[in-house]
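Each chain is listed here by its residues.
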Amino acid sequence: MERVIVVGGGLAGLRTAETLRAQGYRGDLTLVGAEPHAPYDRPPLSKAVLRGETDDTTVAPDLDGLGCTTLLGRRATGLGEDLETTEGPLAFDALVIATGATPIRLPGDGPQHVLRTIDDARALRAALRPGARLVIVGAGWIGAEVATAAAAAGCRVTVAEAADAPLAGAIGAEAGSRTARWYAEAGVELRHGVKAASVEPGGLELAGGGSIEADLVVTGIGVRPETGWLEGSGLALENGVVVDEGLRASRPGVFAVGDCAAWWSARFGRRLRVEHWDVALNAPDAVAANLLGGERVYDAVPYFWSEQFGRMVQYAGHHPAADTTVWRGDPDADRWSLCWLAGERLVAILTVDRPRDLVQGRRLIASGAAVDTGRLADPEVPVRAT
Ligand code: FAD
């Protein structure tokens, strides 16, 4: 193996380059990134950057020290025998695809912000002025964090959500509805069952008529895996690059990792594509090992956190197959957790300012051990197996 190319200069791409060297790869290593910036961290973009506490989240990597040729501002445009890029083809022996995801935008000619890049975050922060009328489309993770920062900056914030509760798509309406009062307490107007149609000059047009006037519209309705450039390459694509449990794509020598990869999880018996920082940080270890001839399986329990309205919200696992839920603590109080079980096994946990529950719960999910639901419901008892 003489030439490895990593496409995508985000966390997953950077970690792949680092772990390849750490695991002993000595050949040519090239990182191709569409953005002009060195790899940086995205979670602070909707937190410290919007709050004005920092302007730079670069993950200070020593790419030169790694012996990694970094081609920034260069976009991969196709995959044939070589990698096609905006500045010509690059030959490789192995390729790692780490091109992340791209925010979904609404139609319309009005000014519309999304939040994915450091440039997006700087532009949005500059627009968060006291008294500005801000409409956020989507009460998901990003919507809640932007609402937190915008309300603190003195904006008049309305969140327009199509479902009946915040976070309904991510964690279900039962849990999501418990977060609705956080919006009200922060002075944010939350409107449920509101379907956005387009962003026009002057505000948000609603499906079925009506509009919400705004100086600023932020769209936070989710992302798509950034795989359009792979159409026609012959690689299997289905909600991301289809990869096996070792993150190998359908063509030998090609791997995918991070937000763009849909991997096979034996633990959950289905393909998962997880848009979380923890995956971008840790899954590259398996890619590097397997690229160098190993047989490493990546099947970690997914983990995510969000900081919203002064609370630390954390989630581990995957709950769609759950058949029971168990609350730990009063969900109308400040600190609580919600556990999802499939039979006697814990499959997911959501915690609000209960980090210990999260750590114990993630360990329990990983173990697959049975739990006693009576004990689980007692917030004074640790989350552990029967
Ligand atoms: P990305 O970080 O998206 O990097 C992909 C890179 O590839 C990008 O730089 C892109 O420009 C580049 N690229 C795309 N196409 C091409 C191409 N054709 N050629 C070359 N380069 C290309 N997760 C959490 O767990 N907790 C949080 O609190 C949290 N907060 C977040 C807040 C924000 C605002 C955002 C945007 C994300 C947040 N996340 C959070 C998610 C987390 O940041 C992502 O899961 C993680 O960044 C994914 O890393 P990645 O390397 O797979 O993709």
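One can find the structure itself at the top, above this paragraph.
First, a word on scope: everything that follows refers to the structure included in this document.

Procedures and definitions
Residues numbered from 1 in each chain as written. Predicted model: local features only at pLDDT ≥ 70, side-chain atom pairs only at ≥ 80, totals over all residues. Heavy atoms only, no water. Helix = DSSP H or I, 4+ residues; strand = E, 2+ residues; numbered from the N terminus. Buried < 20%, exposed > 50% of the residue type's maximum accessible area, 1.4 Å probe, protein only. Contact = heavy atoms within 4.5 Å. Expected span 1.5 Å × (residues − 1). Bend = angle between axes of the 7 residues up to and from the residue. Phe/Tyr/Trp six-rings, centres within 6.5 Å; stacked < 30°, edge-to-face > 60°. Core = buried A, V, L, I, M, F, W, Y, C linked by side-chain atoms within 4.5 Å. Near = heavy atom within 4 Å. Polar contact = N/O pair within 3.5 Å; in protein donor to acceptor, adjacent residues only side chain to side chain. Areas by Shrake-Rupley, 256 points an atom, 1.4 Å probe, with all protein chains shown as cover. Nonpolar A, V, L, I, M, F, W, Y, C, P; charged D, E, K, R; others polar. Domains from an automatic or database assignment. Axes fitted to C-alpha atoms, helices over the stretch in contact; angles between N-to-C directions. Parallel < 35°, antiparallel > 145°, perpendicular 65-115°, else oblique. Left-handed = near helix turned anticlockwise from the far one by under 90°. Salt bridge = Lys/Arg side-chain N within 4 Å of Asp/Glu carboxyl O.

1. Focus on the overall build of the protein chain
Phase 1 of the analysis: In terms of helices and strands, the protein chain carries 9 helices and 25 strands.
Phase 2 of the analysis: Along the first, second and third principal axes, the C-alpha atoms of the protein chain reach 60 × 60 × 40 Å.
Phase 3 of the analysis: Out of the 386 residues in the protein chain, the part that is buried amounts to 52%.
Phase 4 of the analysis: Long-range contacts, defined here as pairs at least 24 residues apart, represent 61% of the contacts in the protein chain between residues at least 6 apart.

2. Regarding helix α7 (residues 277-291)
Phase 1 of the analysis: Here α7 spans 22 Å end to end across 15 residues, near enough to the 21 Å set by a 1.5 Å rise per residue.
Phase 2 of the analysis: Remark: the principal bend of α7, roughly 30 degrees, maps to A283, with a proline, P284, within the next four residues.
Phase 3 of the analysis: Counted residue by residue, α7 has 11 buried out of 15 residues, so it is predominantly covered.
Phase 4 of the analysis: Taken together, the buried positions of α7 are occupied by D278, V279, A280, A283, P284, A286, V287, A288, A289, N290 and L291.
Phase 5 of the analysis: Note on α7: the residue one or two positions beyond its end, G293, has a positive phi of about 100 degrees.

3. Things to note about the packing of aromatic side chains
Phase 1 of the analysis: Under the counting rule described, the total for this entry stands at 7 aromatic pairs.
Phase 2 of the analysis: Seen from their ring centres, Y183 and F309 are 4.6 Å apart, and the 55 degrees between their planes marks the pair as tilted. In this pair, Y183 is assigned in helix α6 (residues 180-185) and F309 in the loop between β21 (303-308) and β22 (311-317), connecting sequence segments 126 residues apart.
Phase 3 of the analysis: With relative accessibility at 0%, the residue Y183 sits in the buried group.
Phase 4 of the analysis: Pairing Y303 with W305 gives two aromatic rings, centres 6.3 Å apart and planes at 20 degrees, and the pair type is stacked.

4. Re the nonpolar core
Phase 1 of the analysis: Grouped together as the largest cluster of nonpolar side chains are 67 residues, with contacts concentrated most on L83, L95, I97 and L247.
Phase 2 of the analysis: At 7 residues, α7 tops the list of elements feeding residues into this core.
Phase 3 of the analysis: Not counting chain neighbours up to four residues away, the residues in contact with I97 comprise V7, W229, L230, L235, V241, V254, F255, A256, V257 and C260.
Phase 4 of the analysis: Listed in part, the 44 residues of the second largest apolar core include L45, L50, L134 and V347.

5. Some points on the site of the ligand
Phase 1 of the analysis: Contacts to the ligand come from 35 residues, most closely from E35, R42, K47, R116 and D259.
Phase 2 of the analysis: Within the side chain of D259, an N or O atom sits 2.8 Å from an oxygen atom of the ligand.
Phase 3 of the analysis: H276 is positioned with one of its backbone polar atoms (N or O) 3.3 Å from an oxygen atom of the ligand.
Phase 4 of the analysis: The fraction of the free accessible surface of the ligand (1000 Å²) that becomes covered by protein chains is 95%.
Phase 5 of the analysis: Those elements that provide at least two residues to the shell around the ligand are α1 (11-22), β2 (28-33), α7 and β21.
Phase 6 of the analysis: Tallied by class, residues from the shell around the ligand come to 17 nonpolar, 9 polar and 9 charged.
Phase 7 of the analysis: Both of domain 1 (3-102 + 223-291) and domain 2 (105-219) provide at least three residues apiece to the shell around the ligand.

6. Topic: the packing of α1 against α7
Geometrically, a packed helix pair is captured by the angle between its two axes and the distance between the axes.
Phase 1 of the analysis: In the contact formed by α1 and α7, the axes pass within 8 Å of each other and the chain directions differ by 40 degrees. Taken together, the axis directions place α1 and α7 in an arrangement best described as oblique. The chirality of how α1 crosses α7 is right-handed. Where α1 abuts α7, its residues L11, A12, R15, T16, T19 and L20 lie against W277, A280, L281, P284, D285, V287, A288 and L291.

7. Here we look at the pattern of salt bridges
Phase 1 of the analysis: Evaluation of the coordinates by the stated rule reveals 20 salt bridges.
Phase 2 of the analysis: Between R362 and D278 there is a salt bridge whose closest N-O contact spans 2.9 Å. One end of the pair, R362, is in helix α8 (residues 355-367); the other, D278, is in helix α7, and 84 residues separate them in sequence.
Phase 3 of the analysis: Using a relative accessible area of 22% as the deciding quantity, one classes R362 as partly exposed.
Phase 4 of the analysis: Residues participating in the shared-partner salt-bridge network are D55, D119, R122 and R125.

Worth remembering: the numbers are spatial, not functional.
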